[in-house]
Amino acid sequence: MTQTPTGKTRVVILGGSLGGTLAAAALAPHVSEVLVLERERMLPESPVPRSRLPQAAHAHMLWAGGADAIESLLPGTTDRWLKAGAHRIPIPTGMVSLAPAGWFRRWTETHYLIGAGRDLVDWGVRTAVLEIPNVRVRTGATVVSLVGDAAKVTGVVVRGEDGEESTVEADLVVDASGRGSKILEWLARIGGPTVDETVVDAGVRYASRRYRAPEGTGQDWPVIHIQADPRQGRPGRIASIVPIEDGQWHVSLSGTRGGEPTSDEALFEEYARGARHPLVAEFLARAEPISEVQVYGRTANRQRRFEKAAMPAGLVVLGDAATSLNPVYGHGMSAAAQGAVALRDTAVKTPVTAPKFAARAQKAIARPAAAAWLLAVGQDRFYPGAVGKAPGLGDRLAARYVHRLSHTAIGNFVVVKALTEVMTMKKPASVLGHPAVLFAAARGLRRPLLNGPALTERERAVLNREPLLREPLVRAEESRTG
Ligand SMILES: Cc1cc2nc3c(=O)[nH]c(=O)nc-3n(C[C@H](O)[C@H](O)[C@H](O)COP(=O)(O)OP(=O)(O)OC[C@H]3O[C@@H](n4cnc5c(N)ncnc54)[C@H](O)[C@@H]3O)c2cc1C
């Protein structure tokens, strides 16, 4: 047991970002105390950037599967986001998307996504979690190792801001310290198992910038998304505009190995123009940039199979620390959120202190992450220069079937519904093998392909405006104050 008062159970969570705070919400009802250890000096009380979350400078789409998981852990969070200016965007109605197979129709709503800056998403969750009486967050606390042995983890060693190290004991340790987690190294140091790790890296680099949304574009503006086509045999180039709070557009451009964007502001819109269609560049020419261009390149898919290893009891790994995904598919937050739900559901059936808890929870956490993994690597393996196992016959057949589905989806509602169920992580990819979907795919298009983006009159009217003359950068702060 732990250093907590006799009979009490303590969970220690490494990392106070999305995965860590959701894990706290998941476990708080089942234990006496949850302590979140976060290396950031302070977690902000408002939705503003923090230094230990560099990916927040890039557009983050939160699909329905993730948003619903968060809502089930922390009821009322969606309302908190929406009141703070987030957009609820119906899918596929509010999505102007060029897929490899062509332009998607904007069918009636099947699902939705939350359009919000990542700092706003985290703030909404963190605020709710800090209201839970038995959850405490200690900031400026960097975990440097595990305490325990190959059979059981009993705590962690933490370094404070003064450089002093101390031990924090726990009945359960949850590692949610993100993509840079040192868990494999820490496990090795206590004599733990070697964990299978697979990497598939398309070498994706992001460049992102915020724009003030042009006048009249309002709350019900669609996501604009120009996808790459891995079958073209050249580096992929992706461009997207996500409407977010404060009347802004969060614009992310990304390119796979050999076709990466740079941080050069003068080249930003030109890069967007080189995507498979210039629509994003056309909209940007009529909007005002309000931030610098930020770049980011740690985007490899990395899957660590903790659920298959002989892990010590008392240790669970969640979120990016277990499976990190190429972000262009927008699944990382949703996989972390569904992992936290899996943690809660395991705690409902098995006491957190039971020797089998960690292994059961790890298996449950792995399921949603594995679904997102297959979707990402199923495409990424095909880009030129991709690092990792080359696509085999099975991968090629699966990719052909997904392309056929995506083609059929343009003119067939049964298929678009199934595809959006998977894309939004509301259902596993197995729904794509349902007889009705197989039949629809075999029958093909029910309506013709579109020869251009399906824009409304109001959206088209923005494109009819004169492009803006580029003036010196207006900073985001200035735009907010005045
Ligand atoms: C460019 C980019 C764009 C993305 N876009 C999307 C998107 O559109 N949709 C989507 O769903 N996902 C997206 N993602 C993925 C998403 O950012 C991650 O999946 C998500 O942040 C995972 O959450 P996490 O809590 O596991 O890790 P993180 O959010 O990375 O948090 C880890 C936390 O642990 C803390 N920490 C690290 N080490 C220690 C330590 N030793 N001790 C204490 N604390 C520590 C860090 O300070 C940090 O707060 C994107 C990612 C990138 C890089």
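About the cut-offs
Residues numbered from 1 in each chain as written. Predicted model: local features only at pLDDT ≥ 70, side-chain atom pairs only at ≥ 80, totals over all residues. Heavy atoms only, no water. Helix = DSSP H or I, 4+ residues; strand = E, 2+ residues; numbered from the N terminus. Expected span 1.5 Å × (residues − 1). Bend = angle between axes of the 7 residues up to and from the residue. Pairing = 2+ DSSP bridges. Axes fitted to C-alpha atoms, helices over the stretch in contact; angles between N-to-C directions. Buried < 20%, exposed > 50% of the residue type's maximum accessible area, 1.4 Å probe, protein only. Left-handed = near helix turned anticlockwise from the far one by under 90°. Contact = heavy atoms within 4.5 Å. Nonpolar A, V, L, I, M, F, W, Y, C, P; charged D, E, K, R; others polar. Near = heavy atom within 4 Å. Polar contact = N/O pair within 3.5 Å; in protein donor to acceptor, adjacent residues only side chain to side chain. Areas by Shrake-Rupley, 256 points an atom, 1.4 Å probe, with all protein chains shown as cover. Phe/Tyr/Trp six-rings, centres within 6.5 Å; stacked < 30°, edge-to-face > 60°.

Draft legend 1. Representation of helix α9 (residues 357-380). Counted at 1.5 Å a residue, the expected span for α9 with its 24 residues is 34 Å, and the 34 Å between its end C-alpha atoms agrees. Of all the bends in α9, the largest measures some 30° and sits at R367, one to four residues before the proline P368.

Draft legend 2. Summary view of the sheet that holds strand β11 (residues 165-169). Across the sheet, three strands lie side by side as β9-β10-β11; this open sheet has antiparallel pairing. Edge strands, defined here as strands with exactly one partner in the open sheet, are β9 (142-148) and β11. Sheet twist, expressed as the mean angle between neighbouring strand axes with direction ignored, is 30°.

Draft legend 3. Highlighting the pairing of strand β12 (residues 172-175). Of the two faces of β12, both are covered, the one formed by L172 and V174 as well as the one formed by V173 and D175. Summarising the sheet, strand β1 (residues 10-14) and β12 pair through four bridges and their orientation is parallel. Looking at the pairing, V11 lines up with L172 of β12. Pairing of β12 with strand β21 (residues 315-317) involves three bridges; the strand directions are parallel. Among the inter-strand pairings, V173 is bridged to a residue of β21, identified as L315.

Draft legend 4. Spotlight on the sheet that holds strand β3 (residues 61-63). With antiparallel pairing, three strands are arranged side by side in an open sheet as β3-β7-β4. Edge positions in the open sheet fall to β3 and β4 (87-91), since each of these has one partner strand only. On average, each strand axis in the sheet is inclined to that of its neighbour by 30°, with strand direction left out of account. Of the pairings in the sheet, the one linking β4 to strand β7 (residues 111-115) comprises five bridges and is antiparallel in character. Among the inter-strand pairings, H87 is bridged to a residue of β7, identified as G115.

Draft legend 5. Inspection of the packing of helix α8 (residues 332-349) against α9 at higher detail. One way to put it is that α8 packs onto α9 with a least axis distance of 8 Å and a crossing angle of 150°. In this structure, α8 meets α9 at a crossing whose hand is right-handed. Taken together, the residues of α9 that come into contact with α8 (itself represented by A335, Q338, G339, A342, L343, T346 and A347) are F357, R360, A361, A364, I365, P368 and A369. Split by residue class, the contact of α8 with α9 holds 10 nonpolar, three polar and one charged.

Draft legend 6. Representation of unusual backbone geometry in the model. Each neighbour pair has its own omega, and for I91 with P92 the value is 0°, a cis peptide bond. Relative to the elements of secondary structure, P92 occurs in the loop between β4 and β5 (95-99). A positive phi angle is found at D246, which is not glycine, with a value near 60°. If you trace the backbone, D246 turns up in the loop between β16 (237-244) and β17 (248-255). If you check the backbone angles, M425 has positive phi at about 60° while not being a glycine.

Draft legend 7. Focus on the site of the ligand. If you check the shell around the ligand, you find 32 residues, and the closest are S17, E38, M61, R118 and D320. Note that an oxygen atom of the ligand is positioned 2.8 Å from one of the backbone N or O atoms of M333. In isolation the ligand offers 1,000 Å² of accessible surface; the protein chains occlude 95% of this area. Broken down by secondary-structure element, the contributors of at least two residues to the shell around the ligand are α1 (18-27), β9 and α8. The greatest single-element share of the shell around the ligand, amounting to three residues, is contributed by α8. Looking at the shell around the ligand residue by residue, the class counts come to 12 nonpolar, 14 polar and six charged.

Draft legend 8. Up close: the packing of aromatic side chains. Going through the model one piece at a time under the given rule, you end up with five aromatic pairs. Each ring, one from Y211 and one from F268, has its centre 6.3 Å from the other, and the planes form 25°; the classification is stacked. Of this pair, Y211 sits in strand β14 (residues 205-212) while F268 sits in helix α6 (residues 265-273); the two residues are 57 residues apart in sequence, bridging distant segments of the chain. A relative accessible area of 2% places F268 in the buried class. Aromatic pair W221 and F283: ring centres 5.5 Å apart, planes at 90°, arrangement edge-to-face. In this pair, W221 sits in the loop between β14 and β15 (223-226) while F283 sits in helix α7 (residues 279-284), placing the two residues 62 residues apart along the sequence. Here the two residues W221 and F283 agree in accessibility, since each one is buried. In textbook terms, an aromatic cluster arises when at least three aromatic residues are bridged by ring pairs, as seen for W221, W249 and F283.

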